[in-house]
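# Chain and residue survey
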There are 2 protein chains.
Amino acid sequence: MYKDTNKRSIAKGVSWRFFATTTTIIIVYVFFGRLDLAIAAGLLETVAKIGLYWAHERAWFKIKWGRKKIEPFNIWFTGLPLSGKTTIADAVYKELEKLDIPIERIDSKDIRDIAPNIGFSREDRNRHMHRIGHLIKTLQNNSVSTVASFVSPYRESRKAIRDMVKNNVVVYVKADIETCKVRDYKGVYKKAISGELKNFSGVNDVYEEPQHAEIIINTDNTSVEEATIIIVKYIKKNYVK
Amino acid sequence: MYKDTNKRSIAKGVSWRFFATTTTIIIVYVFFGRLDLAIAAGLLETVAKIGLYWAHERAWFKIKWGRKKIEPFNIWFTGLPLSGKTTIADAVYKELEKLDIPIERIDSKDIRDIAPNIGFSREDRNRHMHRIGHLIKTLQNNSVSTVASFVSPYRESRKAIRDMVKNNVVVYVKADIETCKVRDYKGVYKKAISGELKNFSGVNDVYEEPQHAEIIINTDNTSVEEATIIIVKYIKKNYVK
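Residues numbered from 1 in each chain as written. Chains lettered and ligands numbered in written order. Predicted model: local features only at pLDDT ≥ 70, side-chain atom pairs only at ≥ 80, totals over all residues. Heavy atoms only, no water.

### Some words on the overall build of chain A
- Along chain A, the regular secondary structure elements total 9 helices and 7 strands.
- Restricting the contact set of chain A to residue pairs at least 6 apart, pairs at least 24 apart contribute 79%.
- Accessible surface, chain A: about 11,900 Å² in total, of which carbon and sulfur atoms supply 59%. (Helix = DSSP H or I, 4+ residues; strand = E, 2+ residues; numbered from the N terminus. Contact = heavy atoms within 4.5 Å. Areas by Shrake-Rupley, 256 points an atom, 1.4 Å probe, with all protein chains shown as cover.)

If you want it as structure tokens, here you go:
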């Protein structure tokens with residue numbers, strides 16, 4: 001995925017003018033120039049130069065100089081189960097798609113669907129993170145940005161992601177655990193508290209709060225719309241110019 | 001990743017001419033037209049239109065119409081261990097990179113490095129294929145083509161890949177098993193024959209030959225260079241126009 005730089009467009013303008021003006025001068029010379037003839041020349045020019053313009057455009061497609069590779073970023077949403085990561089990430093993804101950049105949405109649920117045998121132990125989670133990191137890196141190699149949402153409770157695995165990918169933006173979706181328990185429409189907190197679910201972050205396994213998050217969204221006083229605006233603004237300022 | 005269509009370039013030519021010729025006519029009218037003045041007009045035009053051309057170019061970047069999404073393909077190399085898949089795939093990848101299309105190389109070895117606990121049983125292999133298929137599909141969603149090399153001994157898993165991805169080109173790298181055994185610089189055939197390695201395709205596990213391969217490379221009478229030419233020609237003819 002490439003984007004033209006200003007320099008490239010100016011150079012295209014200069015080279016186009018060279019051919020176009022030479023044509024104009026020859027045509028005006030042939031007609032010796034009166035208003036009616038100038039208009040006639042203009043019409044003739046129109047016909048001649050459209051073909052020339054087209055050939056010029058196609059020739060420039062062969063020239064690589066001045067094309068800029070789009071710099072990809074990764075937005076990494078972390079937070080307790082049901083803190084609101086997926087909802088905010090979906091809204092952010094929808095906004096960023098409008099910018100006409102190559103972007104992919106990666107959610108914990110989808111990845112676990114295709115790799116159903118991944119466990120929730122510390123070792124399993126870290127290995128899982130390593131795979132996700134590889135996927136993001138492969139996409140980034142091809143200029144594709146990513147919006148990823150994973151509980152990712154351990155500092156070491158978030159650190160591993162940060163080391164593997166570039167332009168990593170950690171968004172900590174901070175929600176009071178009591179709020180999450182109230183939101184428990186899936187009944188997962190209930191199951192964790194009763195002991196039916198093991199290794200459940202925030203209940204019977206640790207959630208290590210991020211210390212270096214680029215953005216913190218406190219869901220107790222920030223709506224999804226407000227969070228989306230904050231995050232999209234950050235991305236536009238730093239990565240999409 | 002986008003590529004301009006011919007229609008788009010012609011439309012750019014027409015719209016450019018509209019503004020440029022209007023400018024020319026006004027300028028020639030002001031000068032009433034003699035040769036020297038026509039040249040002066042041409043020079044003035046040069047200065048004025050370069051800026052106009054540039055603004056015109058930048059304005060067109062905002063217009064999505066006429067941009068074509070590049071259609072990605074997947075070249076899938078299958079064959080016995082040490083049949084020469086990786087060598088040919090590397091050479092093909094190197095050639096295709098020159099075409100300036102977004103393309104990614106995926107090799108069995110790299111994937112198993114990042115997911116070291118994948119086994120070699122039929123079930124493990126099929127699950128593994130499902131993950132690879134997901135990776136290729138995600139890349140294809142973003143116009144990225146792939147050159148993948150995996151023993152992939154089972155028809156069902158190659159079929160699963162074909163169902164998941166688009167523009168799938170299976171290359172069967174056909175080598176006589178005796179030739180592979182002679183090439184056994186890794187000592188893997190020796191280990192498989194002695195029973196040290198289990199589930200080894202071609203020795204103590206089946207390799208199901210592809211029945212619908214788009215391309216068959218017989219390594220007994222085809223060099224790596226010849227194979228590369230055949231495959232790149234096929235891709236250019238069918239997918240890179």
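### Here's the deal with the side chain of lysine 85 of chain B
- The residue lysine 85 of chain B is located in helix H3 (residues 85-97) in this model.
- Ignoring anything within four residues of it in the chain, the contact list for lysine 85 of chain B reads Phe77, Thr78, Gly79, Leu80, Ser149, Phe150, Val151 and Val173 of chain B.

### Observations concerning the nonpolar core
- Trp76, Ile106 and Phe150 of chain A together with Trp76, Ile106 and Phe150 of chain B are the most contacted members of the largest nonpolar core, which totals 42 residues.
- Secondary structure elements with two or more residues in this core: helix H5 (122-141) and helix H6 (155-164) of chain A together with helix H5 (122-141), helix H6 (155-164), strand S6 (168-174) and helix H8 (188-194) of chain B. (Core = buried A, V, L, I, M, F, W, Y, C linked by side-chain atoms within 4.5 Å. Buried < 20%, exposed > 50% of the residue type's maximum accessible area, 1.4 Å probe, protein only.)

### Things to note about the environment of isoleucine 215 of chain B
All names here are of chain B.
- Secondary-structure assignment places isoleucine 215 in strand S7 (residues 215-218).
- Relative accessible area serves as the criterion here: at 6%, isoleucine 215 is assigned to the buried category.
- Sequence-distant contacts of isoleucine 215, that is, excluding residues within four places in its chain, are made with Val169, Val170, Val171, Tyr172, Ile230, Ile231 and Tyr234.

### With respect to the side chain of serine 201 of chain A
- Locating serine 201 of chain A in the fold gives a position in the loop between helix H8 (188-194) and strand S7 (215-218).
- What serine 201 of chain A contacts, discounting residues up to four positions off in sequence, is Leu80, Pro81, Arg125, Val151, Pro153 and Val206 of chain A.

### Focus on the packing of H5 of chain A against H6 of chain A
All names here are of chain A.
- At a closest axis distance of 9 Å, the pairing of H5 and H6 adopts a crossing angle of 20 degrees. Taken together, the axes of H5 and H6 are roughly parallel relative to one another. Here H5 runs over H6; the crossing is right-handed. In this structure, H5 contributes Arg122, Asn126, Met129, His130, Ile132, Gly133, His134 and Lys137 to the contact, and H6 contributes Glu156, Ser157, Ile161 and Met164. (Axes fitted to C-alpha atoms, helices over the stretch in contact; angles between N-to-C directions. Parallel < 35°, antiparallel > 145°, perpendicular 65-115°, else oblique. Left-handed = near helix turned anticlockwise from the far one by under 90°.)

### Structural notes on the pairing of strand S3 (residues 74-78) of chain B
Residues and elements named next belong to chain B.
- Summarising burial for S3: 5 of the 5 residues are buried, a large majority.
- Residues of S3 alternate between two faces, with Asn74, Trp76 and Thr78 on one and Ile75 and Phe77 on the opposite face, all of them buried.
- Pairing geometry for S3 and strand S5 (residues 145-149), over 4 bridges, is parallel. When the bridges of S5 are listed, phenylalanine 77 appears paired with serine 149.
- Alignment of S3 against S6, held across 5 bridges, turns out to be parallel. For tryptophan 76, the partnering residue across the bridge sits in S6 and is valine 170. (Pairing = 2+ DSSP bridges.)

### Comments concerning the pattern of salt bridges
- Per the stated rule, a full pass over the model turns up 12 salt bridges over all chains.
- A salt bridge links aspartate 163 of chain B to lysine 159 of chain B; its shortest N-O distance comes to 2.9 Å. With aspartate 163 of chain B and lysine 159 of chain B both in helix H6 and 4 residues apart, this pair spans about one turn of that helix.
- Among the salt bridges present, the one from glutamate 178 of chain B reaches lysine 181 of chain B, with a minimum N-O distance of 3.6 Å. With a gap of 3 residues between them, glutamate 178 of chain B and lysine 181 of chain B both fall in helix H7 (residues 177-182), about one helical turn apart.
- Look at glutamate 178 of chain B and you get partly exposed, because its relative accessible area is 46%.
- Among the ionic contacts, a cluster of salt bridges with common partners joins Asp90, Arg105 and Asp107 of chain A. (Salt bridge = Lys/Arg side-chain N within 4 Å of Asp/Glu carboxyl O.)

### Observations regarding the pairing of strand S4 (residues 103-107) of chain A
- With 5 of its 5 residues buried, S4 of chain A lies for the most part within the structure.
- Burial of S4 of chain A is two-sided: the residues Ile103, Arg105 and Asp107 of chain A facing one way and the residues Glu104 and Ile106 of chain A facing the other way are all buried.

### Looking at the sheet that holds S5 of chain B
All names here are of chain B.
- The strand order across the open sheet built from 5 strands is S4-S5-S3-S6-S7, with neighbouring strands paired in parallel fashion. In the strand order of this sheet, the two ends are held by strand S4 (103-107) and S7, each with one partner. Along the sheet, successive strands turn relative to each other by an average axial angle of 15 degrees, direction set aside.
- For S6 and S7, the ladder comprises 4 bridges, and the chain directions are parallel. By the bridge assignment for S7, valine 171 is matched with isoleucine 215.
- Strand contacts of H3: S3, S4, S5, S6 and S7, with the helix running at about 170 degrees to S4, the strand carrying the most contacts.

### Re the environment of lysine 191 of chain B
- Relative to the helices and strands, lysine 191 of chain B is located in helix H8.
- Residue contacts for lysine 191 of chain B: discarding those within four places in its chain leaves Glu196 and Leu197 of chain B.

### Quick word on the packing of H5 of chain A against H5 of chain B
- Close contact between H5 of chain A and H5 of chain B brings their axes to 10 Å; oriented N to C, the two are set at 30 degrees. One element, H5 of chain A, and the other, H5 of chain B, form an angle in the roughly parallel class. Read as a crossing pair, H5 of chain A and H5 of chain B show a hand that is right-handed. Residues Arg131, Leu135, Thr138 and Leu139 of chain A of H5 of chain A form the contact with H5 of chain B, whose participating residues are Arg131, Leu135, Thr138 and Leu139 of chain B.

### A closer look at the sheet that holds strand S3 (residues 74-78) of chain A
Residues and elements named next belong to chain A.
- Pairing is parallel across the open sheet formed by 5 strands, whose spatial order is S4-S5-S3-S6-S7. The two strands at the open ends of the sheet, each matched to only one other strand, are S4 and S7. Taken pair by pair, the neighbouring strands of this sheet meet at an average axis angle of 15 degrees, ignoring direction.
- Relative to strand S5 (residues 145-149), S4 is paired through 5 bridges, and the arrangement is parallel. Across the sheet, the residue bridging to arginine 105 is valine 147, located in S5.

Take it as geometry only, folks, not as evidence of what the structure does.
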